[in-house]
Amino acid sequence: NGRSADNLFAQSLPAVAWGKKYLTVPTVGLPNNKFRIAVKDPSVVPTRNGRPITDIALLQRGFFYEYESSSPDVIESSSPIMISQYISSATMSGAIRQSFCNDNLIGQLGDPEMIYLSPVEQTINKVTINSTANNAIRDHFLNLVIHKDAILPGRRFLLDGVTVAPLSNTHPADPNYIYFQLSLTSGAHTIEADSGFNAIAYGYGNFESYGYNAGTNVNDLNQFVSVQNEFAT
């Protein structure tokens, strides 16, 4: 309504690092997130939980699909794709400020945010993040997806040097993976594990937010090396 605006800027992954499988997790406290799936080849239709994404969304501008979800999903494609996850604005009743985003609840904290996700092909096993120490931000979170073997006895999975309590959820779209929605304090935090993981960091305030990919590999997934022995020995 012209009273305010947020500009969403984020550096995207280079096209050679786009993957073919993504495991998404909703942000804490919001009934829905918006997602966009950018496609390298518009003739290839990605799937969401095994069903064509065209069941719920249409290709826009020959480049992306947009949909809403309140559940952890698996997005797959036979051609490289890139996914962004969106946090919506908080909603207030009354004439002063009214949001029409149906992804947020009246009284819920937050503001628009865009986060590029990493595919399972680009996991990392150690990263230090900053849960932004901004007075406007009240709550800090980390969404993390990791293979289920990471919490087996004897495996290393640490947050700030302390073993992460195995209070995880099995990812409903792929039971080989588990996910965490961890509440954090402000400041720096280090996550490390024997297994590779994908994660996003984000936080809410009163019409404020932050969010970013918590760390990713940027391996060139289009290059392959093969060995051929001409003597067949």
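Only a predicted model underlies this, so the values are computations on that prediction, with no experimental measurement involved. (Residues numbered from 1 in each chain as written. Predicted model: local features only at pLDDT ≥ 70, side-chain atom pairs only at ≥ 80, totals over all residues. Heavy atoms only, no water.)

Our focus in this paragraph is the pattern of salt bridges. The tally for this structure, following the rule as stated, stands at eight salt bridges. Arg36 is the partner of Glu66 in a salt bridge, and the nearest nitrogen-oxygen pair spans 2.7 Å. Residue Glu66 is found in strand S5 (residues 64-69), and its partner Arg36 is found in strand S2 (residues 33-39); the two are separated by 30 residues along the sequence. On the basis of relative accessible area, Glu66 is assigned to the partly exposed category, the value being 27%. With a shortest N-O distance of 3.1 Å, Asp55 and Arg51 are connected by a salt bridge. Here Arg51 falls in the exposed class, since its relative accessible area comes to 55%. Taken together, the salt bridges that share partners define one network made up of Arg155, Arg156, Glu192 and Asp194. (Salt bridge = Lys/Arg side-chain N within 4 Å of Asp/Glu carboxyl O. Helix = DSSP H or I, 4+ residues; strand = E, 2+ residues; numbered from the N terminus. Buried < 20%, exposed > 50% of the residue type's maximum accessible area, 1.4 Å probe, protein only.)

Looking now at the nonpolar core. Ile37 and Ile83 are the most contacted members of the largest nonpolar core, which has 27 residues in total. Breaking this core down by element, the ones donating at least two residues are S2, S5, strand S6 (73-87), strand S7 (113-116) and strand S14 (187-205). If one sorts the elements of this core by residue count, S6 sits on top with six residues. For Ile37, the contacting residues outside a window of four places in its chain are Pro46, Ile53, Phe63, Phe64, Tyr65, Tyr67, Ile75, Ile81, Met82 and Ile83. (Core = buried A, V, L, I, M, F, W, Y, C linked by side-chain atoms within 4.5 Å. Contact = heavy atoms within 4.5 Å.)

Now for the pairing of S2. The buried count for S2 comes to five of seven residues, which makes it a mostly enclosed element. Pairing of S2 with S5 involves six bridges; the strand directions are antiparallel. In the sheet register, Arg36 faces S5, and the bridge partner there is Glu66. (Pairing = 2+ DSSP bridges.)

Function cannot be read off these values alone, since they describe shape.
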